[in-house]
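So the chains spell out like this:
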Amino acid sequence: NAGVTQTPKFQVLKTGQSMTLQCAQDMNHNSMYWYRQDPGMGLRLIYYSASEGTTDKGEVPNGYNVSRLNKREFSLRLESAAPSQTSVYFCASTGTGDQPQHFGDGTRLSIL
Amino acid sequence: DQQVKQNSPSLSVQEGRISILNCDYTNSMFDYFLWYKKYPAEGPTFLISISSIKDKNEDGRFTVFLNKSAKHLSLHIVPSQPGDSAVYFCAARSRIQGAQKLVFGQGTRLTINP
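The text that follows walks through the structure, step by step, so that each part is easy to find. (Residues numbered from 1 in each chain as written. Chains lettered and ligands numbered in written order. Predicted model: local features only at pLDDT ≥ 70, side-chain atom pairs only at ≥ 80, totals over all residues. Heavy atoms only, no water.)

### A look at the overall build of chain B
Okay, so step 1: When its secondary structure is counted, chain B shows zero helices and eleven strands.
Okay, so step 2: Listing every helix and strand of chain B by position from the N terminus yields β-β-β-β-β-β-β-β-β-β-β.
Okay, so step 3: In terms of overall size, chain B behaves like a compact globule, its C-alpha atoms giving a radius of gyration of 14 Å where 114 residues would be expected to give roughly 13 Å.
Okay, so step 4: Taking the principal axes of its C-alpha atoms as reference, chain B extends roughly 45 × 30 × 25 Å.
Okay, so step 5: Looking at the 114 residues of chain B, the share that counts as buried comes to 46%. (Helix = DSSP H or I, 4+ residues; strand = E, 2+ residues; numbered from the N terminus. Rg over C-alpha atoms; globule rule 2.2 N^0.38 Å. Buried < 20%, exposed > 50% of the residue type's maximum accessible area, 1.4 Å probe, protein only.)

Rendered as structure tokens:
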């Protein structure tokens, strides 16, 4: 049971480089989410996709773009990475009703 | 402004005793509250939840209490076991366009001592 799969697990970038974080779920969930977690803070919502074909901004969207490629896949792109985007990024998905969000194991991104 | 707060960064409890983790929120529009458990280098995993129309939900060793008038929820773990050592996040949910928007607290690191 893969659940939510994130790639890569680790990445180091230089300031100004671009990067796409991949996320795929195999639970036939409608909604998908991207969060970031910084030390001493909870997870903060970057973008979400309520269903295939829709995306919306969350709490901290600046500097990011997303693509809901199909029902399974939701990618997060950093066009010009900045040191402030050093963080752990989590992808999550959920189905209908009151199902809880299921999370991937994260991508640890360092920007020098 | 932080809508969900966990004011205790860490908690240490002896094995077999009760662990109580606390969480406060400010927005009355949240309709569901969840607790997630997180081990190092893994994603958060769902533990237990409670609807805003209830005041208690129990699942085995885990019980969540909700006090809406005080905008406070707590997670009780009894008896505590070494495998419960992890970071615990509370989260509050609102719905928008069929999706769930979760706001997380900062987390509490629980250590269970043998």
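### What about the state of the cysteines?
Okay, so step 1: The full count for this structure, using the stated rule, is two disulfides over all chains.
Okay, so step 2: With a sulfur-sulfur separation of 1.9 Å, A:Cys23 is cross-linked through a disulfide to A:Cys91. As the torsion about the S-S bond is roughly -75°, the A:Cys23-A:Cys91 disulfide counts as left-handed. Residue A:Cys23 is located in strand E3 (residues 19-25), and its partner A:Cys91 is located in strand E9 (residues 87-94); the two are separated by 68 residues in the primary sequence. Of the two residues, A:Cys23 and A:Cys91, both sit in the buried class.
Okay, so step 3: Across the disulfide, B:Cys23 is cross-linked to B:Cys90 (sulfur-sulfur distance 1.9 Å). Handedness here is read from the sign of the S-S torsion; for B:Cys23 and B:Cys90, about 60°, the answer is right-handed. Of this pair, B:Cys23 sits in strand E3 (residues 19-25) while B:Cys90 sits in strand E9 (residues 86-96), placing them 67 residues apart in sequence.
Okay, so step 4: We classify B:Cys23 as buried; its relative accessible area is 2%. (Disulfide = S-S within 2.5 Å.)

### Focus on the pattern of salt bridges
Okay, so step 1: The full count for this structure, using the stated rule, is eight salt bridges over all chains.
Okay, so step 2: We note a salt bridge from A:Asp38 to A:Arg36, for which the minimum N-O separation is 3.0 Å.
Okay, so step 3: The exposure class of A:Asp38 is buried, given its relative accessible area of 11%.
Okay, so step 4: By relative accessible area, A:Arg36 is classed as buried at 8%.
Okay, so step 5: One salt bridge in this structure joins A:Asp98 and B:Arg95, with 3.7 Å as the shortest N-O distance. With A:Asp98 in the loop between E9 and strand E10 (102-103) and B:Arg95 in strand E9, the pair connects residues from two separate chains.
Okay, so step 6: Owing to a relative accessible area of 37%, B:Arg95 belongs among the partly exposed residues under this scheme.
Okay, so step 7: Residues participating in the shared-partner salt-bridge network are A:Asp98, B:Asp31, B:Arg93 and B:Arg95. (Salt bridge = Lys/Arg side-chain N within 4 Å of Asp/Glu carboxyl O.)

### Brief notes about the sheet that holds E3(B)
What links the strands of a sheet is backbone hydrogen bonding, and the strands pair in either a parallel or an antiparallel sense.
Residue and element names in this part refer to chain B.
Okay, so step 1: As summarised here, the arrangement of the five strands in space is E1-E3-E8-E7-E6, forming an open sheet in which the pairing is antiparallel. In the strand order of this sheet, the two ends are held by strand E1 (4-5) and strand E6 (56-59), each with one partner.
Okay, so step 2: Here strand E7 (residues 62-67) pairs with strand E8 (residues 72-77) via six bridges, running antiparallel. Of the residues in E8, the one forming a bridge with Phe-62 is Ile-77. (Pairing = 2+ DSSP bridges.)

### Side note on a nonpolar patch on the surface
Residue and element names in this part refer to chain B.
Okay, so step 1: On the surface, a nonpolar cluster with roughly 230 Å² of combined accessible area is contributed by Ile-18, Ile-20 and Val-78.
Okay, so step 2: Examined against the element boundaries, Ile-18 turns out to sit in the loop between strand E2 (10-14) and E3.
Okay, so step 3: Using a relative accessible area of 42% as the deciding quantity, one classes Ile-18 as partly exposed. (Patch = residues over 30% accessible without salt bridge, like charges linked within 9 Å, V, L, I, M, F, W, Y side chains within 5 Å. Areas by Shrake-Rupley, 256 points an atom, 1.4 Å probe, with all protein chains shown as cover.)

### Description of the pairing of strand E7 (residues 64-68) of chain A
Put simply, side chains in a regular strand alternate between the two faces of the sheet.
Residues and elements named next belong to chain A.
Okay, so step 1: Only one face of E7 is buried: it carries Tyr-64, Val-66 and Arg-68, and the other face, with Asn-65 and Ser-67, is open.
Okay, so step 2: Inspection of the sheet shows E7 paired to strand E8 (residues 74-78) by five bridges, in the antiparallel sense. By the bridge assignment, Ser-67 is partnered in E8 with Ser-75.
Okay, so step 3: Linkage of E7 to E8, two consecutive antiparallel strands, is achieved through a turn of five residues.

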